[in-house]
Amino acid sequence: MGILDRWFSKKSGDNSQPGEETRPTSEAGLRATPEEITRRIYAQMQIDYGLRATILDIRHMDRSDGQVKRIHRKVARDTVKGGIVLQQADANETIAKEWKSFQRRLQLDRVEKLKSDAQGLVMEGNVPFQMVIDDQRNVVAMVRMPTETIRANVGANGRFIDPTQAYIQFDMLAGKEIARFALWQMLLLRFDPDNFDDYGCMGRPFLDANRSTWRKLNMANEDLVIRRRMRAPLRMAHILENASADDLNNYRATVEKDQAHGAVTDYYLNKKGSVNALQGDANLDQIGDIAYLLDTFFSGAPMPKGLMGHIDGMARDILEDLKRDYYDEIDVLQDTLAYGYAQAFRLQLLLRGLNPDDFDYTISFAERRTETLSQTTDRALKLKSIGMPEGMVWEELGLNAAQVQKRREWERKNLDPYPNEDPIPTSQVVKVTPGNGRKGESGTSIAQH
């Protein structure tokens, strides 16, 4: 066992002596490489400056390029579409009441809050939530902290050294730590980490690997503008044979003085000379290199370039396939964010003295896909046609099945003019017609008998 191994063994509470073979156990965690051990030693004293540089680059791209800004905004907007909802298999008034109060205190019913969290997850790759609790044992806020100032206090095995000091926040200007957070005080959501089981492995921004391509694309666009300004105008070559320097200067001053008052098309010479037109660059329409860089940039972006308005040379079928892949990415982002809100609500129930495992509920986003209302309804009808339970169909629509049933009973008691009479039995028939929908998909129709 080397010096670094013995150092981390002491930090992790390992009492093995030098020369003894250490066997992996269920709590040993990861088998770290020597390079990883060295990196973790320095990580105990500072944050990940590589991740900080990446985040700063992404923020600069977002502020300086409207295309990147639109990518981040669209992904965040599609992620929080419909808002966050609580779904219960059996209606429980206690859970429903706690959720409404929790949602109102944390402003999870406001799209600005949800969009800000989703945008932070896309741009920074991580969302560190600081849990704020008041004197009445209520979670009153989930404050999103800057990712580049947070470091996980883990050992070489990727596990927390001390759960009471799981995360450390650094002051970038002073170069020292300013706060420590217990594991329950900070919830770190990570998007696409290199190793999920390593708690010290941070997530990655969505466009982190596109930075070099973006720089090349930005440089090529600027070069294109400069080239057009320098080589596109028509120029005139004035040739005066055997003219002295004074004659040439006088002639130039006269011509440039006349050009200041407007375009001059005729020149008059009293000695042998000529005025020749020099054509501009005839290849200014050739931008194949920029088109290539644009395709390269969007090949690593979460969405196809067709959704951003670049539709040249893209077939509709290919666009549909790329959109499905984009929707899958949105689902991952929704699951990651919803897990964070669910963990915060779980803490709220524990503070209230309630065991979350005793209740059957889920917290998710209302709309799992970026579909229109007609497409969502069509999908629900298809699920009903194959015999899926009605409650699951309502959940597929993003609604709480228990609340729907409760509202239905309330309307029957309060709005039905004949509440004591049995309703006329009706049956709904859903038909699925293969090949009758758009682009060869199945069409649906519903009839009531």
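Keep in mind it's a predicted model, so treat the numbers as computed, not measured. (Residues numbered from 1 in each chain as written. Predicted model: local features only at pLDDT ≥ 70, side-chain atom pairs only at ≥ 80, totals over all residues. Heavy atoms only, no water.)

**Focus on the overall build of the protein chain**
Defined as follows: Strands here are runs of E lasting at least two residues and helices are runs of H or I lasting at least four, both read from the DSSP assignment and numbered beginning at the N terminus. Exposure classes here rest on a 1.4 Å probe applied to the protein chains alone. A residue is buried below 20% of its type maximum, exposed above 50%, and partly exposed in between. The contact definition used throughout considers only heavy atoms, calling two residues in contact when any of these lie within 4.5 Å. With residues, only the protein chains shown are counted as cover, and all accessible areas are computed by Shrake-Rupley using a 1.4 Å probe.
Check the secondary structure of the protein chain and you find 13 helices and 12 strands. For the protein chain, the proportion of its 449 residues judged to be buried stands at 36%. A fraction of 64% describes how many contacts in the protein chain between residues 6 or more apart in sequence connect residues 24 or more apart. For the protein chain, the exposed area adds up to about 27300 Å²; of that, 50% sits on carbon and sulfur atoms.

**Remarks on the sheet that holds strand S4 (residues 150-152)**
Two orientations exist for strands paired in a sheet by backbone hydrogen bonds: parallel and antiparallel. Filter applied, for reference: In this scheme, strands are said to pair when DSSP sees at least two bridges between them. For helices, the fitted line uses only the C-alpha atoms of the stretch in contact; every axis is such a line through C-alpha atoms, and the angle between N-to-C directions lies from 0 to 180 degrees.
Read from one edge of the open sheet, three strands run S4-S5-S6, paired in antiparallel fashion. Strands with a single pairing partner mark the edges of an open sheet, and in this sheet they are S4 and strand S6 (176-181). Averaged over all pairs of adjacent strands, the angle between their axes in this sheet comes to 30°, without regard to strand direction. The sheet contact formed by strand S5 (residues 167-171) and S6 spans five bridges and is antiparallel. If you follow Gln169 over to S6, its bridge partner there is Ala179.

**Comments concerning the sheet that holds strand S3 (residues 139-144)**
Here three strands make up an open sheet; going across it, the order is S3-S2-S7 and the pairing antiparallel. Of all the strands in the sheet, the pair left with one neighbour each is S3 and strand S7 (186-190). Averaged over neighbouring strand pairs, the angle between their axes works out to 25° when direction is ignored. With five bridges joining them, strand S2 (residues 126-133) and S7 adopt antiparallel strand pairing. Bridge pairing links Asn126 to Arg190 in S7.

**Some points on unusual backbone geometry**
Most of the time, phi is negative for any residue but glycine, and the peptide bond is trans. Even without being glycine, Arg137 reaches a positive phi, approximately 60°. Along the chain, Arg137 turns up in the loop between S2 and S3. Under the relative-accessibility criterion, Arg137 is labelled exposed at 52%. The phi dihedral of Asn242 is positive, around 60°, even though this residue is not glycine. Residue position: Asn242 is located in the loop between strand S8 (235-240) and helix H8 (245-259).

**Remarks on the pattern of salt bridges**
To keep it simple, the criterion reads: Each salt bridge in this description consists of a side-chain nitrogen of Lys or Arg and a carboxyl oxygen of Asp or Glu lying within 4 Å of one another.
Counted under the stated rule, the structure contains 15 salt bridges. Measuring nitrogen to oxygen at the nearest pair gives 3.4 Å for the salt bridge that ties Lys74 to Asp78. Separated by four residues within a single helix, Lys74 and Asp78 lie in helix H4 (residues 66-79), roughly one turn from each other. Asp78 shares its class with Lys74; the two are buried. Each of Arg59, Lys113, Asp117, Glu124, Arg144 and Glu148 takes part in salt bridges that share partners, so that together they form one network.

**A few points about the packing of helix H3 (residues 49-64) against H4**
We apply this condition: Here roughly perpendicular refers to angles of 65 to 115 degrees, roughly parallel to angles under 35, roughly antiparallel to angles over 145, and oblique to all remaining angles. Ten residues, namely Ala, Val, Leu, Ile, Met, Phe, Trp, Tyr, Cys and Pro, are considered nonpolar, four, namely Asp, Glu, Lys and Arg, are considered charged, and the remaining ones, Gly among them, are considered polar.
Between H3 and H4, the shortest axis-to-axis distance is 5 Å and the interhelical angle comes to 105°. Considering their axes alone, H3 and H4 lie roughly perpendicular with respect to each other. Mapping the contact onto sequence places Ile58, Met61, Asp62 and Ser64 in H3 and Gly66, Val68, Lys69, His72 and Arg73 in H4. Classifying every residue of the contact of H3 with H4 gives three nonpolar, three polar and three charged.

**Here we look at the packing of aromatic side chains**
Aromatic ring pairs are defined here through the distance separating the ring centres and the angle between the ring planes. For clarity, the cut-off: Working definition: a ring pair exists when centres of Phe, Tyr or Trp rings (six-membered ring for Trp) sit within 6.5 Å. Plane angles under 30 degrees give stacked, over 60 give edge-to-face, the rest tilted.
If you walk through the whole model with that rule in mind, you get nine aromatic pairs. Between the aromatic rings of Trp99 and Phe102, the centroid separation amounts to 5.8 Å while the plane-to-plane angle is 35°, which identifies the pairing as tilted. With Trp99 and Phe102 both in helix H5 (residues 93-105), this residue pair falls three residues apart, about one helical turn. Just as Trp99 is buried, Phe102 falls in that class too. Here the aromatic rings of Phe129 and Tyr341 are separated by 6.2 Å at their centres, their planes lie at 40°, and the arrangement is tilted. With Phe129 in strand S2 and Tyr341 in helix H10 (residues 316-351), the pair connects residues that are 212 residues apart, well separated along the chain. Through pairs of rings, three or more aromatic residues link up here, namely Trp99, Phe102, Phe345 and Tyr361.

**Structural notes on the confidence of the model for the protein chain**
Quick note on the threshold: By definition, pLDDT measures how confident the predictor is in each residue, and it falls between 0 and 100.
In the predicted model, the protein chain carries a mean pLDDT of 78, and the fraction of residues at 70 or more is 75%. A low-confidence stretch, residues 1-27 stays under pLDDT 50, and its non-local contacts, those more than four residues away or across chains, total 23 contacts.

**Looking at the pairing of strand S1 (residues 84-88)**
Consecutive side chains of a regular strand alternate in pointing toward one face of the sheet and then the other. The element S1 is extensively covered by neighbouring structure, given that five of its five residues are classed as buried. Residue alternation in S1 divides its side chains into two sets, Ile84, Leu86 and Gln88 and Val85 and Gln87, and both sets are buried. Inspection of the sheet shows S1 paired to strand S10 (residues 361-365) by five bridges, in the antiparallel sense. Bridge pairing in S10 places Gln87 opposite Thr362.

**A look at the side chain of Arg59**
Heads up, the rule is: Between N or O atoms, a polar contact is any pair within 3.5 Å; within protein, one atom must be a potential hydrogen donor and the other a potential acceptor, and residues adjacent in sequence are included only when both atoms are from side chains.
Structurally, Arg59 can be placed in helix H3. In this structure the side chain of Arg59 is engaged in a polar contact, spanning 2.8 Å, whose partner is the side chain of Glu124. Beyond its immediate chain neighbours, meaning those up to four positions away, Arg59 contacts Met123, Glu124 and Glu148.

**Considerations on helix H7 (residues 211-231)**
A turn of α-helix holds 3.6 residues, and therefore any two residues three or four places apart point the same way. Inclusion rule: What a helix should span is 1.5 Å times the count of its residues minus one. Working note: the arc is built from the helix axis to C-beta atom directions.
With 21 residues, H7 should reach 30 Å at 1.5 Å per residue; the first-to-last C-alpha distance of 30 Å fits that figure. Along H7, the residues that are buried comprise Thr213, Trp214, Leu217, Ala220 and Leu224. Down the axis of H7, the buried side of the element spans an arc of 125°, and every buried residue falls inside it. Residues Ile226, Arg229 and Met230 are exposed on H7 and point more than 90 degrees away from its buried face.

**What about H10?**
With 36 residues, H10 extends 52 Å between its outermost C-alpha atoms, agreeing within 8% with the 52 Å of an ideal straight helix rising 1.5 Å per residue. Once H10 finishes, Gly353 follows within two positions and takes phi at roughly 85°, a positive value.

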